[in-house]
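Reading the structure
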Amino acid sequence: MAEAHTSGKARARGKVRRRSAAGATRRRPAQAPRNGARARLGLRLLDGWFNRMLVLVAVGVVVVAGLQGWIVLQEIPVERISVTGTLHRTQTEVVQEMVQPALVGGFLGADLEQVQTQLQALPWIYRVSVRRRWPNALEINVQEQLPIARWGEGGYLNHEGEVFHSAGIQGEEALPRLEGPAGSTRQLIVSYQQLGELLQPLSLELRELSLDDRGHLRAVLAGGMELVLGNTEFGERLQRFATVYRSELAERAGAVKRVDLRYESGLAVAFREPELPAREEPGTQVAGIVND
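Residues numbered from 1 in each chain as written. Predicted model: local features only at pLDDT ≥ 70, side-chain atom pairs only at ≥ 80, totals over all residues. Heavy atoms only, no water.

The 3 strands are arranged E1-E3-E2 in an open sheet whose pairing can be described as mixed. Both edges of this open sheet fall to strand E1 (80-84) and strand E2 (125-133), since each of them pairs with a single strand only. Shown here is a sheet whose adjacent strand axes are inclined to one another by a mean of 20°, direction ignored. Here 5 bridges tie E1 to strand E3 (residues 137-144), and the two strands are oriented parallel to one another. Across the sheet, Ser82 pairs through a bridge with Glu139, a residue of E3. Packed onto the sheet, helix H5 (residues 112-120) meets E2 and E3 and runs at close to 155° relative to E2. (Pairing = 2+ DSSP bridges. Helix = DSSP H or I, 4+ residues; strand = E, 2+ residues; numbered from the N terminus. Axes fitted to C-alpha atoms, helices over the stretch in contact; angles between N-to-C directions. Contact = heavy atoms within 4.5 Å.)

Structural data, given as structure tokens:
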């Protein structure tokens, strides 16, 4: 009985050893995946670092190439200046000479704002646009002032109703003269256009129009006839003048000095003094009110 018991214990211990050995055998292969994962992780880290280095190198190459290109472009001089636009009073050579100091920086470094400011300071320049034309040219488009009337002494009104000043111009006598207080330019332009339309059927040309501080209009026609219009309803007053002019004054227009239209139902006419022979005393000027 003792031997049988001992033999049973031995068999039990043998089974335990075999199980332990089998378990050990089964657990050992689990060590291999951990080592493989570490290797793969190391490879991924190495690849990421290498890729970042490649990106940094590529960026560096692009930056260096860009800087070199920029330096080359900065050294390109402006070799041609093209001036476009219809120029009557501004010489192309003057425009080209004026912009030279702003071109010291080369094609890309040229100060276009300075060029524009300098040119717009010229008396007859209304608007300027400046742009670069690849690879080495500047294009300057110039719009000159369009004078539509003389303004006061030495000034002119442009097509936008703005006042600018310049030395006398050829043919300025053909421009009408407008004059009035500050801020009245647009009002005078509108009144001038309206009066011109009303006088055109009478074959009369408006040469001067002035507005005083009280808002009273005074017009001078070609030939020297003066019209005193007042400050209200000058359209109605011009219609009254047209009626009287056709019937009474057209044949004697050269002798009419002034027509005062500030009356409610008529007008006053002053005639020029007739030219008298030498040593004769001048006669009395004729003036009166002509009613409708």
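Counting 32 residues, the largest nonpolar core has Leu199, Leu227, Leu229, Phe241, Leu249 and Val259 as the members making the most contacts within it. Breaking this core down by element, the ones donating at least two residues are strand E4 (149-151), helix H6 (185-199), strand E8 (206-211), strand E9 (217-221), strand E10 (226-230), helix H7 (234-249), strand E11 (256-260) and strand E12 (266-271). Of the residues forming this core, the biggest block, 7 residues, is contributed by H7. The contacts of Leu227, once residues within four sequence positions are left out, are Leu199, Leu217, Arg218, Ala219, Leu221, Phe241 and Val259. Listed in part, the 19 residues of the second largest apolar core include Val78, Ala102, Ile125 and Val128. (Core = buried A, V, L, I, M, F, W, Y, C linked by side-chain atoms within 4.5 Å. Buried < 20%, exposed > 50% of the residue type's maximum accessible area, 1.4 Å probe, protein only.)

Here the focus is the pattern of salt bridges. A full pass over the atoms with the stated rule returns 6 salt bridges. Among the salt bridges present, the one from Arg218 reaches Glu226, with a minimum N-O distance of 3.7 Å. For Glu226, a relative accessible area of 18% gives the class buried. Residues participating in the shared-partner salt-bridge network are Arg131, Arg133 and Glu139. (Salt bridge = Lys/Arg side-chain N within 4 Å of Asp/Glu carboxyl O.)

We now examine the pairing of E8. Extensive coverage of E8 is indicated by the burial of 5 of its 6 residues. A crossover connection joins strand E7 (residues 177-179) to the parallel E8 through H6; in handedness this β-α-β unit is left-handed. Here 5 bridges tie E8 to E9, and the two strands are oriented antiparallel to one another. Considered in E9, the bridge of Leu209 is made with Ala219. Turn length for the E8-E9 hairpin, with the two strands adjacent in sequence and antiparallel, is 5 residues, and the turn residue Gly215 shows positive phi of about 85°. (Right-handed = clockwise from strand over helix to strand, strands pointing away.)

Applying the stated criterion across every chain, the model contains 4 aromatic pairs. Taken together, a centroid distance of 5.8 Å and an interplanar angle of 45° make the contact between Trp124 and Tyr156 tilted. Taken together, the positions of Trp124 in the loop between H5 and E2 and Tyr156 in strand E5 (residues 155-157) put the pair 32 residues apart, joining distant regions of the chain. On the basis of relative accessibility, which here comes to 2%, the residue Tyr156 falls in the buried class. Both rings, one in Phe241 and one in Tyr245, keep their centres 5.5 Å apart while their planes meet at 35°; by these two values the pair is tilted. Of the two residues, Phe241 and Tyr245 both sit in helix H7, 4 residues apart, roughly one turn of that helix. There is no split in this pair, since Phe241 and Tyr245 are both buried. (Phe/Tyr/Trp six-rings, centres within 6.5 Å; stacked < 30°, edge-to-face > 60°.)

Examined against the element boundaries, Glu160 turns out to sit in the loop between E5 and strand E6 (163-165). The exposure class assigned to Glu160 is partly exposed, which follows from its relative accessible area of 34%. Remark: the alpha-carbon pair of Glu160 and Thr185, spanning 25 residues in sequence, is separated by 9.8 Å. Discounting residues that sit within four places of it in the chain, Glu160 has contacts with Tyr126 and Arg186.

Let us now look at the packing of H6 against H7. As a packed pair, H6 and H7 sit with axes 10 Å apart at the nearest point and diverge in direction by 25°. The angle between the axes of H6 and H7 places the two elements in the roughly parallel class. Seen from above, H6 lies across H7 with right-handed handedness. Across the interface between the two elements, Ser191, Gln194, Leu195, Leu198 and Leu199 of H6 pack against Phe234, Gly235, Leu238, Gln239 and Phe241 of H7. A breakdown of the residues in the contact of H6 with H7 according to their chemical character gives 6 nonpolar, 4 polar and no charged. (Parallel < 35°, antiparallel > 145°, perpendicular 65-115°, else oblique. Left-handed = near helix turned anticlockwise from the far one by under 90°. Nonpolar A, V, L, I, M, F, W, Y, C, P; charged D, E, K, R; others polar.)

Taking 1.5 Å as the rise per residue, H6 with 15 residues should run 21 Å; its terminal C-alpha atoms sit 21 Å apart, in good agreement. Listed in full, the buried residues belonging to H6 are Thr185, Leu188, Ile189, Ser191, Leu195 and Leu199. Projected down its long axis, H6 carries its buried residues within an arc of 165°, all on one side. Exposed residues pointing more than 90 degrees away from the buried face of H6 are listed as Arg186 and Glu197. (Expected span 1.5 Å × (residues − 1). Arc of directions from axis to C-beta.)

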